[in-house]
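# Coordinates in review
As a plain string of letters, each chain reads:
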Amino acid sequence: MNVRLRVNGVEREAGAEPRTLLSDLLRHGLGLTGTHVGCEHGVCGACTVLVDGSATRACLMLAVQADGCDLTTVEGLADADALHALQESFRQHHALQCGFCTPGILLAVVGEARAGRSLDEAAGSVLDGHLCRCTGYVNIRAAIRDAWGSLR
Ligand code: FES
Ligand code: FES
């Protein structure tokens, strides 16, 4: 099947089997490998992207379900050479080590901010739904708090 979607502001098109996961379409069909795949059953949060503005586990959605949708992946956060405010805050706070969980957390936090959630709601719900094996979450929380006021 042919899937047409808007990704990071660009119209894209790719072929997909009816059973193809959105995470696989992004990574293998469109070359957007910043969307990471860990558990493939909705637990780790690594594959989180924004679909029509909502944080979504790309491993729990079929590619064909995204036909006609507007997606944001981690590749769409930075503005040319300038990191997104949340990425810069992660860098300053040493909020990542291996970085495997990072794209999913960034997208989930940005989705919460754009939805008008409070910082406390967002930080709690995001980190409850994302597994990080490296950091212990302390620096991630600090980075989110520091950047929150400038997120969009
Ligand atoms: Fe999708 Fe873990 S790979 S939630
Ligand atoms: Fe390694 Fe989070 S930084 S899993």
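Residues numbered from 1 in each chain as written. Chains lettered and ligands numbered in written order. Predicted model: local features only at pLDDT ≥ 70, side-chain atom pairs only at ≥ 80, totals over all residues. Heavy atoms only, no water.

Okay, the overall build of the protein next. Helix and strand counts for the protein stand at five helices and five strands. For the protein, the α and β elements follow one another from N to C terminus as β-β-α-β-β-β-α-α-α-α. In terms of overall size, the protein behaves like a compact globule, its C-alpha atoms giving a radius of gyration of 15 Å where 152 residues would be expected to give roughly 15 Å. Taking the principal axes of the C-alpha coordinates as reference, the protein spans close to 45 × 30 × 25 Å. Looking at the protein as a whole, 47% of its 152 residues are labelled buried. A total of about 7600 Å² of accessible surface is found on the protein, and carbon and sulfur atoms cover 47% of it. (Helix = DSSP H or I, 4+ residues; strand = E, 2+ residues; numbered from the N terminus. Rg over C-alpha atoms; globule rule 2.2 N^0.38 Å. Buried < 20%, exposed > 50% of the residue type's maximum accessible area, 1.4 Å probe, protein only. Areas by Shrake-Rupley, 256 points an atom, 1.4 Å probe, with all protein chains shown as cover.)

Leaving glycine out, the prevailing phi sign among residues is negative, and the prevailing peptide bond configuration is trans. Non-glycine residue E40 carries a positive phi angle of around 60°. Among the secondary structure elements, E40 is positioned in the loop between α1 (22–29) and β3 (48–51). Judged by relative accessible area, which is 40%, E40 ranks as partly exposed. One non-glycine residue, A80, adopts positive backbone phi at about 55°.

Next up on the list: the domain arrangement of the protein. Segmenting the protein into domains produces domain 1 (2–76) and domain 2 (85–151). Computed over C-alpha atoms only, the centres of domain 1 and domain 2 are separated by 20 Å. At the interface, 17 residues of domain 1 touch 14 residues of domain 2. Broken down residue by residue, the surface that domain 1 buries against domain 2 is led by H36, L50 and V74, which jointly contribute 39%. If you look at where domain 1 meets domain 2, you find zero salt bridges. Counting across the domain 1 and domain 2 interface gives four residue pairs in polar contact (both at pLDDT 80 or more). Of all the secondary-structure elements, those providing two or more residues to the side of domain 1 that touches domain 2 are β3 and β4 (54–57). Ranked by residue count, the leading element in the side of domain 1 that touches domain 2 is β3, at three residues. Classifying every residue of the side of domain 1 that touches domain 2 by side-chain character gives eight nonpolar, eight polar and one charged. (Domains from an automatic or database assignment. Contact = heavy atoms within 4.5 Å. Buried area = accessible area lost by both parts, 1.4 Å probe. Salt bridge = Lys/Arg side-chain N within 4 Å of Asp/Glu carboxyl O. Polar contact = N/O pair within 3.5 Å; in protein donor to acceptor, adjacent residues only side chain to side chain. Nonpolar A, V, L, I, M, F, W, Y, C, P; charged D, E, K, R; others polar.)

With that settled, consider the pairing of β4. Sheet topology note: the β3/β4 ladder contains four bridges and is antiparallel. Across the sheet, the residue bridging to V51 is S54, located in β4. Counted between consecutive antiparallel strands, the loop separating β3 from β4 contains two residues, among which D52 sits at a positive phi close to 50°. (Pairing = 2+ DSSP bridges.)

So, about the environment of I144. Mapped onto the elements, I144 comes out in helix α5 (residues 138–147). For I144, a relative accessible area of 1% translates into the label buried. Taking the C-alpha atoms as reference, I144 lies 15 Å from G99; in sequence the two are 45 residues apart. If near-sequence neighbours (up to four positions away) are discounted, I144 is found in contact with L86, F90, V109 and L119.

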